[in-house]
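Notes for the structure review
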Amino acid sequence: PRHEIIASTGVCTGIDEINANSVKIYPNPNLGSFTLSWENIDLNSINIYNAQGQLVERIISSLDGNNLELDLSSGIYHIQLEALEGVITKKVIVQ
C-alpha cells in the first residue's frame, strides 16, 4: 500500500538567536569543577544531560547573576540553557 506523509511547518517569529559566544564553560575539559557563565541572556533554566541523553540535573532557582559553579563526576555532558531568547547547548568534558 502507498502511504502519504504530509508535513507542515510554521514560521516562528519573535525569538532571537542566542549568540554561542555569550555562553562560556571554563575550564573545559576539567577535573570535575567548572564555571558556567553567560552574558545578555534571560535564563529560565539549565539542564545537564549525560552522554546517554539522560537528565542529570535541572537548575531553575539560583540563576540570579551571570555565572554558576558546578561539580560533576567524570564523563561528557551537554549543558542546555533555556532562555527567553532561545535554547543553546554546550558540551563539557569532565576527566
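Residues numbered from 1 in each chain as written. Predicted model: local features only at pLDDT ≥ 70, side-chain atom pairs only at ≥ 80, totals over all residues. Heavy atoms only, no water.

The next point concerns the nonpolar core. By size, the foremost hydrophobic cluster in this structure holds 20 residues, and its most contacted members are L36, W38, I46, I79 and L81. Of all the secondary structure elements, the ones that give two or more residues to this core are β1 (23-26), β2 (33-38), β3 (43-50), β5 (67-71), β6 (75-83) and β7 (86-94). The dominant element in this core, judged by the number of residues it contributes, is β6, at four residues. (Core = buried A, V, L, I, M, F, W, Y, C linked by side-chain atoms within 4.5 Å. Buried < 20%, exposed > 50% of the residue type's maximum accessible area, 1.4 Å probe, protein only. Helix = DSSP H or I, 4+ residues; strand = E, 2+ residues; numbered from the N terminus.)

Quick look at unusual backbone geometry now. Note the cis peptide between Y26 and P27, where omega equals -15 degrees. In this structure, P27 sits in the loop between β1 and β2. The peptide bond linking N28 to P29 adopts the cis configuration, its omega dihedral lying at 5 degrees. For N40, which is not glycine, the phi dihedral falls at a positive 55 degrees. You can see N40 is positioned in the loop between β2 and β3.

Pairing of β3 with β6 involves seven bridges; the strand directions are antiparallel. Looking across to β6, one finds that I46 is bridged to L81. Bridge analysis of β6 against β7 gives nine bridges, and the strand direction is antiparallel. Counted as the bridge partner of L81 is I88 from β7. (Pairing = 2+ DSSP bridges.)

This part is about the side chain of S37. Locating S37 in the fold gives a position in strand β2. Leaving out residues up to four positions away in the same chain, S37 has contacts with S22, V23, K24, Y26, N66 and N67. (Contact = heavy atoms within 4.5 Å.)

A few words on the sheet that holds β5. In space, the three strands of this open sheet follow the order β1-β2-β5, with antiparallel pairing throughout. If you trace the sheet from one side to the other, it starts and ends with β1 and β5, each paired once. Shown here is a sheet whose adjacent strand axes are inclined to one another by a mean of 20 degrees, direction ignored. Two elements, β1 and β2, share four bridges in a ladder whose sense is antiparallel. Paired with I25 across the strands is L36, a residue of β2. (Axes fitted to C-alpha atoms, helices over the stretch in contact; angles between N-to-C directions.)

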